[in-house]
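Examining the three-dimensional arrangement
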Amino acid sequence: MNLTGIGYDVHRFAEGRPLILGGVEIPHSHGLDGHSDADVLCHAIADAILGAIGERDIGHHFPNNDPAIRGMSSLEIVRKAAELVAAEGGRVINIDSSLMAEVPKIAPHLDAMKANLAATLGIPVRRVGVKATTNERLGFVGRREGIAAMATASVELPDQ
Ligand code: MG
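Attention in this report is confined to the structure presented alongside it. (Residues numbered from 1 in each chain as written. Predicted model: local features only at pLDDT ≥ 70, side-chain atom pairs only at ≥ 80, totals over all residues. Heavy atoms only, no water.)

1. Side note on the overall build of the chain
Tallying secondary structure elements over the chain gives five helices and seven strands in all. Of the regular secondary structure in the chain, the N- to C-terminal order runs β-β-β-β-α-α-α-β-α-β-α-β. Its C-alpha atoms give the chain a radius of gyration of 15 Å, within 12% of the compact-globule value 15 Å for 160 residues. Considering only C-alpha atoms, the chain reaches an extent of 50 × 35 × 25 Å along its principal axes. Put simply, the chain has 160 residues, and 47% of those count as buried. In the chain, of all internal contacts separated by at least 6 residues, the share reaching a separation of at least 24 is 72%. Taken as a whole, the chain presents about 8100 Å² of accessible surface, with 49% of it coming from carbon and sulfur. (Helix = DSSP H or I, 4+ residues; strand = E, 2+ residues; numbered from the N terminus. Rg over C-alpha atoms; globule rule 2.2 N^0.38 Å. Buried < 20%, exposed > 50% of the residue type's maximum accessible area, 1.4 Å probe, protein only. Contact = heavy atoms within 4.5 Å. Areas by Shrake-Rupley, 256 points an atom, 1.4 Å probe, with all protein chains shown as cover.)

Below, the structure is given as structure tokens:
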């Protein structure tokens, strides 16, 4: 059977941190605040994968107070979410995602993010969607307070 999950995440900008999205370090005056590398895109994607198989969210599986999470690449969180799918005999078919960021320009980095995510999930790049939009200067994204991401994941599980 085929199942679908959604994920959503937000991180606020913080000075003195690298900006990492989809495992790609993007030159910018600010990074994102968070306990791990604060990769908001990976977090939304991991939640979408977990949601597709009815698992609890990444805050449950990868708690903030776990020292092992500190500084960890969030691609590893995506990988571990996909491993939970594999543990049920299933596989991730595709993911799609959108980043909402007023700054910096994301488009030049989309292909590198897609390549990272495809390699992490072991699926073709053509099965990975990463898109980006500004928020037309509206709301917290528009005020450049942070970056938001949403994602979907499609998963195939053996019929039960
Ligand atoms: Mg997060």
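2. Some remarks on helix α1 (residues 40–52)
Given 3.6 residues to a turn, an α-helix orients residues that are three or four positions apart in the same direction. With 13 residues, α1 extends 19 Å between its outermost C-alpha atoms, agreeing within 8% with the 18 Å of an ideal straight helix rising 1.5 Å per residue. Taking burial as the measure, the 13 residues of α1 include 12 buried ones, the bulk of the element. Every buried residue of α1 is accounted for by Val40, Leu41, Cys42, His43, Ala44, Ile45, Ala46, Asp47, Ala48, Ile49, Leu50 and Ala52. (Expected span 1.5 Å × (residues − 1).)

3. Some points on the environment of Gly90
Structurally, the position occupied by Gly90 is in the loop between α3 (74–87) and β5 (91–100). Classification of Gly90 as buried rests on a relative accessible area of 14%. C-alpha separation for the pair Gly90 and Met72, spaced 18 residues apart in sequence, amounts to 26 Å.

4. Quick notes on the coordination of the magnesium ion
Within the protein, the atoms that donate to the magnesium ion are Asp9 (OD), His11 (NE2) and His43 (ND1), at distances of 2.1 to 2.3 Å. All donors of the magnesium ion come from a single chain, and their spacing in sequence reads D-x1-H-x31-H. For Asp9, a relative accessible area of 17% puts it in the buried group. For His11, a relative accessible area of 13% gives the class buried. (Donors = N, O, S within 2.8 Å, 3.2 Å for Na, K, Ca; no water.)

5. Quick look at the packing of α1 against α3
Where α1 meets α3, the axes come as close as 9 Å, and the angle between the chain directions of the two elements is 10 degrees. Relative to α3, the element α1 is oriented roughly parallel. Contact with α1, carried on its side by Cys42, His43, Ile45, Ala46, Ile49 and Leu50, involves Ser74, Leu75, Ile77, Val78, Ala81, Ala82, Leu84 and Val85 of α3 and no other residues of that element. By residue class, the composition of the contact of α1 with α3 is 12 nonpolar, two polar and no charged. (Axes fitted to C-alpha atoms, helices over the stretch in contact; angles between N-to-C directions. Parallel < 35°, antiparallel > 145°, perpendicular 65-115°, else oblique. Nonpolar A, V, L, I, M, F, W, Y, C, P; charged D, E, K, R; others polar.)

6. Re the sheet that holds strand β7 (residues 146–156)
As summarised here, the arrangement of the five strands in space is β4-β1-β7-β5-β6, forming an open sheet in which the pairing is mixed. Edge strands, defined here as strands with exactly one partner in the open sheet, are β4 (30–32) and β6 (131–133). Averaged over all neighbouring strand pairs, the angle between strand axes comes to 25 degrees, with direction disregarded. With three bridges joining them, β5 and β6 adopt parallel strand pairing. Each bridged residue has a counterpart across the sheet, and for Met100 the counterpart in β6 is Thr133. Set on the sheet, α1 makes contact with β1 (2–15), β4, β5 and β7; between it and β1 the angle comes to about 155 degrees. (Pairing = 2+ DSSP bridges.)

Note that all results are geometric; they support no functional claim without further evidence.
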